[in-house]
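Summary of structural features
Here's the letter readout for the chains.
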Amino acid sequence: MPTIVGHAVFGATLARLRLSGVADGAGAWRALTLCGAAAMLPDLDVVTFKLGIPYASPWGHRGFSHSLFFAAAAALVLLWLSRGLWPRLGFSLRAGFVLLFGVIASHALLDMFTDATHGPALFMPFSPQRFLLDWRPIEGSPIAPRFWMTAKGRRVVWTEALYIGLPCLALMLACRWRERRKDCAA
Ligand SMILES: [Zn+2]
């Protein structure tokens, strides 16, 4: 997996693009924070290692919690919890759901770009098949924090900065530039 930071940055970037032009600044920040946190949710499944559930199990790491079904269910729960926020931002509840679903599902998409042995089980609980892309430039992040200070940990940070951080930064700047142009034209 990319680190949870990489997932949060990517999820918040998707939300930033979707929330472009929203006038309620405080509300937009709340939505950004929510979406960043939502993008990290699937990796709560690391608890399955502690429970003795094997990585290869459909109910283990990158199994059910990385499926589109889970993304939809989690998006519904978060939508209900944040139901007062979306109308304030000028979003319908359906639009809020689509955004939350997108950021949670983006987690599995990023995981498919990592050099891990097992990809996300996108179609659990209907199929246990795991999916990885042929091009996987992102170094899989070790789970134990002690690995962070190793050469492997540094490669993780470098590949995430290159393949997640930089594109997200470019998208955020482009979004800001477009908003400024609109402000100037108004
Ligand atoms: Zn993951």
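Described below are features of the structure shown in this document. Source: prediction; values computed, not measured.

**A few points about unusual backbone geometry**
One can expect most non-glycine residues to show negative phi and most peptide bonds to be in trans. Of the consecutive residues M124 and P125, the connecting peptide bond is found in the cis state with omega at 5 degrees. Looking at where P125 falls in the secondary structure, it is placed in the loop between helix 6 (93–111) and helix 7 (151–185). Even without a glycine there, the phi angle at R62 is positive, about 70 degrees. With respect to the secondary-structure elements, R62 resides in the loop between helix 3 (47–50) and helix 4 (68–81). With a relative accessible area of 0%, R62 lands in the buried category.

**Regarding the packing of helix 4 against helix 6**
Their axes nearest at 8 Å, the elements helix 4 and helix 6 cross at an angle of 135 degrees. As summarised for this structure, helix 4 and helix 6 are arranged oblique, according to the angle between their axes. Considering how the two elements wind past one another, helix 4 and helix 6 form a crossing that is right-handed. Contact residues: L68, F70, A71, A72, A74, A75, L76, L78 and L79 in helix 4; L93, G96, F97, L100, F101, I104 and A105 in helix 6. Across the contact of helix 4 with helix 6, the residue classes tally to 15 nonpolar, one polar and no charged.

Basis of the calculations
- Residues numbered from 1 in each chain as written.
- Predicted model: local features only at pLDDT ≥ 70, side-chain atom pairs only at ≥ 80, totals over all residues.
- Heavy atoms only, no water.
- Helix = DSSP H or I, 4+ residues; strand = E, 2+ residues; numbered from the N terminus.
- Buried < 20%, exposed > 50% of the residue type's maximum accessible area, 1.4 Å probe, protein only.
- Axes fitted to C-alpha atoms, helices over the stretch in contact; angles between N-to-C directions.
- Parallel < 35°, antiparallel > 145°, perpendicular 65-115°, else oblique.
- Left-handed = near helix turned anticlockwise from the far one by under 90°.
- Contact = heavy atoms within 4.5 Å.
- Nonpolar A, V, L, I, M, F, W, Y, C, P; charged D, E, K, R; others polar.

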